[in-house]
Amino acid sequence: PEPAAANNARSFPKGFVWGTATSAYQIEGAVKEDGRGVSIWDRFAHTPGKIFDGTNADVAVDHYHRYKEDVQLMKAMGTKAYRFSIAWPRIFPEGKGKVNPKGLDFYNRLVDELLANGIEPFPSLYHWDLPQTLQERYGGWESRETALAFADYAGYVTEKLSDRVQRFFTLNEIRTFVDRGHESGILAPGFKLPPARLNQVRHHAILAHGLAVQAIRAKARRGTKVGPAENIFAVVPIIETPEHIKATEIAMRELNAGYLTAMLEGRYTDAYLKAAGADAPKFTSEDLKAIASPINFVGINIYTPDYYISASNKPPGYQSLPFNKSHPRMVSSWHRLGPETLYWAPRLLQKLWNVKEIYITENGCATSDEVAKDGQVYDSDRIMFLRSYLTQLQRATSEGAPVRGYFLWSLLDNFEWVAGYAQRFGAIYVDYTTLKRTPKLSASFYREVIARNSVV
Ligand code: PNW
């Protein structure tokens, strides 16, 4: 990448892609329209007791009908890119078999609207809304059938959109939907599986990624680019000395062993297999080859840090640190402040696996936003959050880390999964009664960052 402009030490490389991100179930609503099938999230959100505020996303922020207005809001912020997800059950209402052309029509309209407004579409093919039929018929991600069905769906969608869309993400945050959906059970489908079955779910999810990459190569227009969007463990050496950095490198590889490490190396690490023992996933060497199908870029969602120090005297050579009780956090209880994550994640991807194209596919925070008497939303803490994280990202790019773009999570306040509508991640405030959109102060901040291509 080109180094930062010499005249501004806080600049990003020329052509840096600034965008916002959302996902289908969190914003679209219209869950029964135009032939959309049911997803595991419809089922989960309608199960009493699962969602903190008892809500669901039947309407969400009605993006399905308001997408033109939303594209204008993106444009007003000056964003050049938009990461959204395609709802699998809109395209294949039962996950496979009969296709629903009206479902695809919506994404055709959205893509055209984005392009007409100078915004590059970056779709994800899966953001957790598995067709319910696949859950019932095959046991969802417990079955290889789901991975195979995903690849077929991925091939179909990319064949239709790749005349206008250059880059696709496969699955969003495999770690989150595997572990939180199948181990703690706080996300859909809400299971608490024993280790052997959990490891098999994880294996099928990364296999789905790999098979989808192959299907996209076979079906999409030549030159279509593809990669994952993973919630990696964002490890950080708490003290930046060679000793602690070395330990953090080992931690990066091992913690992500079931996800990115397998995708990038085509193998499970010895430590991963040893720790799993008799519960290790069942797989073939063909599976591993598919999982490691060559990708064009790596997307990473970065929110919260994991701090490490060296423990060179005892294996595995690293030690994770607990958070001090007073360590600042954002509204989400899991969300600790750790801006250095946006420096270290790209540096480690480059160092360990020689990754040549990186996108920050999500970064942002929930804050306790309210509309003030003058009609404005003064989210000063979101600005503080973004400035501190972006400063570290700029540090990475100025040292040559190949980060090509950044997607702020999220464009709009939306359905925050198990938290319902109680946590607001948007740069744009949504009144959930009127669905009126109001750009927050952070939207103005972000507009200035984009206009100057520099931390401001
Ligand atoms: C991501 N964690 O989820 C998802 O991709 C989004 O759909 C979601 O709205 C956003 O981040 C905010 O939560 C995460 O515990 C959930 O570290 C949990 C964690 C990280 C990301």
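This text goes with the structure placed above it.
Read on for a plain summary of the structure. Bear in mind the structure is a predicted one, so any value in this text is a computation, not a measurement.

Definitions and cut-offs
- Residues numbered from 1 in each chain as written.
- Predicted model: local features only at pLDDT ≥ 70, side-chain atom pairs only at ≥ 80, totals over all residues.
- Heavy atoms only, no water.
- Salt bridge = Lys/Arg side-chain N within 4 Å of Asp/Glu carboxyl O.
- Helix = DSSP H or I, 4+ residues; strand = E, 2+ residues; numbered from the N terminus.
- Buried < 20%, exposed > 50% of the residue type's maximum accessible area, 1.4 Å probe, protein only.
- Near = heavy atom within 4 Å.
- Polar contact = N/O pair within 3.5 Å; in protein donor to acceptor, adjacent residues only side chain to side chain.
- 1 Å grid on protein atoms, 1.4 Å probe; cavity = no way out; pocket = protein on both sides within 12 Å on 5 of 7 lines; lining within 4 Å.
- Sits in = over half its atoms within 2 Å of the grid points.
- Nonpolar A, V, L, I, M, F, W, Y, C, P; charged D, E, K, R; others polar.
- Axes fitted to C-alpha atoms, helices over the stretch in contact; angles between N-to-C directions.
- Parallel < 35°, antiparallel > 145°, perpendicular 65-115°, else oblique.
- Contact = heavy atoms within 4.5 Å.
- Pairing = 2+ DSSP bridges.
- Right-handed = clockwise from strand over helix to strand, strands pointing away.
- Points joined across faces, edges and corners; volume = space filled by probe spheres on them.
- Phe/Tyr/Trp six-rings, centres within 6.5 Å; stacked < 30°, edge-to-face > 60°.

**Here's the deal with the pattern of salt bridges**
Reasoning step 1: A complete count under the given rule lists 29 salt bridges for this structure.
Reasoning step 2: Notably, a salt bridge pairs Glu 142 with Arg 197, separated by 3.0 Å at the nearest N-O pair. Note that Glu 142 is positioned in the loop between helix 6 (132-138) and helix 7 (144-161) and Arg 197 in helix 9 (residues 195-219), a separation of 55 residues in sequence.
Reasoning step 3: Owing to a relative accessible area of 25%, Glu 142 belongs among the partly exposed residues under this scheme.
Reasoning step 4: The closest approach of N and O atoms between Arg 382 and Asp 369, which form a salt bridge, is 3.0 Å. Note that Arg 382 is positioned in helix 15 (residues 380-398) and Asp 369 in the loop between strand 10 (358-363) and helix 15, a separation of 13 residues in sequence. With respect to burial, Arg 382 and Asp 369 carry one shared label: buried.
Reasoning step 5: Within the structure, one salt-bridge network assembled from shared partners comprises Asp 369, Asp 379, Arg 382, Asp 413, Arg 424 and Lys 440.

**Structural notes on the site of the ligand**
Reasoning step 1: The full set close to the ligand counts 17 residues, and Gln 26, His 127, Glu 362, Glu 416 and Trp 417 are the nearest of them.
Reasoning step 2: Gln 26 is positioned with one of its side-chain polar atoms (N or O) 2.8 Å from an oxygen atom of the ligand.
Reasoning step 3: A distance of 2.8 Å separates an oxygen atom of the ligand from a polar atom in the side chain of His 127.
Reasoning step 4: More than half of the atoms belonging to the ligand lie within 2 Å of the grid points that define the largest pocket.
Reasoning step 5: Classifying every residue of the shell around the ligand gives six nonpolar, seven polar and four charged.

**Observations regarding the packing of helix 14 (residues 341-353) against helix 15**
Reasoning step 1: Closest axis-to-axis distance for the helix 14/helix 15 pair is 7 Å, and the angle between their directions is 30°. On the basis of the axis angle, helix 14 is roughly parallel to helix 15. Contacts between helix 14 and helix 15 involve Thr 341, Leu 342, Tyr 343, Pro 346 and Arg 347 from the first element and Tyr 389, Leu 390, Gln 392, Leu 393, Arg 395 and Ala 396 from the second.
Reasoning step 2: Its residues placed into classes, the contact of helix 14 with helix 15 shows seven nonpolar, two polar and two charged.

**Points about the pairing of strand 11 (residues 403-409)**
Reasoning step 1: Of all seven residues that make up strand 11, six are buried, and the element is covered over most of its length.
Reasoning step 2: Bridge count for strand 1 (residues 17-21) against strand 11 is five bridges, and the pairing is parallel. The partner of Thr 20 across the bridge, within strand 11, is Leu 408.
Reasoning step 3: Two elements, strand 10 and strand 11, share four bridges in a ladder whose sense is parallel. The residue bridging Ile 358 from the neighbouring strand is Val 403, located in strand 11.
Reasoning step 4: Since strand 10 and strand 11 lie parallel, the crossover through helix 15 that links them has a hand, and here it is right-handed.

**As for empty space enclosed by the protein**
Reasoning step 1: Within this structure, the stated rule accounts for three cavities of 30 Å³ or more.
Reasoning step 2: Quantified by volume, the largest cavity comes out at close to 50 Å³.
Reasoning step 3: In terms of lining, the largest cavity is formed by Ala 24, Tyr 25, Glu 28, Gly 29, Val 31, Arg 36, Ala 57, Ala 87, Arg 90 and Asp 129.
Reasoning step 4: Residue composition of the lining of the largest cavity, by class: five nonpolar, one polar and four charged.

**Focus: the layout of surface pockets**
Reasoning step 1: Counted as a void, the largest pocket has a volume near 670 Å³.
Reasoning step 2: Glu 173, Thr 176, Arg 180, Asn 231 and Trp 334 are, among the 33 residues lining the largest pocket, the residues nearest its centre.
Reasoning step 3: Looking at the lining of the largest pocket, the element that brings in the most residues is helix 8 (residues 174-182), giving four residues.
Reasoning step 4: Taken together, the residues of the lining of the largest pocket break down into 16 nonpolar, nine polar and eight charged.
Reasoning step 5: One number sums up the size of the second largest pocket: a volume of about 300 Å³.
Reasoning step 6: Lining the second largest pocket are 17 residues, and of these Asn 199, Arg 202, Tyr 259, Tyr 272 and Ala 275 lie nearest its centre.
Reasoning step 7: Mapped onto the lining of the second largest pocket, the elements with two or more residues apiece are helix 8, helix 9, helix 10 (242-255) and helix 12 (270-276).
Reasoning step 8: When the residues that make up the lining of the second largest pocket are grouped by side-chain class, the tally is ten nonpolar, two polar and five charged.

**Some thoughts on the packing of aromatic side chains**
Reasoning step 1: Counted by the stated rule, this structure contains 45 aromatic pairs.
Reasoning step 2: Ring geometry for Tyr 25 and Trp 417: centres 6.2 Å apart, planes at 25°, overall stacked. Taken as a pair, Tyr 25 in helix 1 (residues 24-27) and Trp 417 in the loop between strand 11 and strand 12 (428-430) lie far apart in primary sequence, 392 residues in all. Taken individually, Tyr 25 and Trp 417 each receive the classification buried, so the pair is uniform in this respect.
Reasoning step 3: Ring geometry for Trp 128 versus Trp 417: centroids 4.6 Å apart, planes at 40°, classification tilted. Taken as a pair, Trp 128 in the loop between strand 3 (120-126) and helix 6 and Trp 417 in the loop between strand 11 and strand 12 lie far apart in primary sequence, 289 residues in all.

**Looking at unusual backbone geometry**
Reasoning step 1: The linkage connecting Ala 188 with the following residue, Pro 189, adopts the cis geometry, with an omega of 5°.
Reasoning step 2: By the secondary structure assignment, Pro 189 is in the loop between helix 8 and helix 9.
Reasoning step 3: Look at the link from Trp 409 to Ser 410: it is a cis peptide, with omega at 15°.
Reasoning step 4: Phi is positive for Ala 30, close to 50°, though the residue is something other than glycine.
Reasoning step 5: Looking at where Ala 30 falls in the secondary structure, it is placed in the loop between helix 1 and helix 2 (40-45).
Reasoning step 6: Classification of Ala 30 as buried rests on a relative accessible area of 7%.
Reasoning step 7: Its identity is not glycine, yet Asp 62 carries a phi of approximately 60°, on the positive side.
Reasoning step 8: Within the secondary structure, Asp 62 is located in the loop between helix 2 and helix 3 (63-77).

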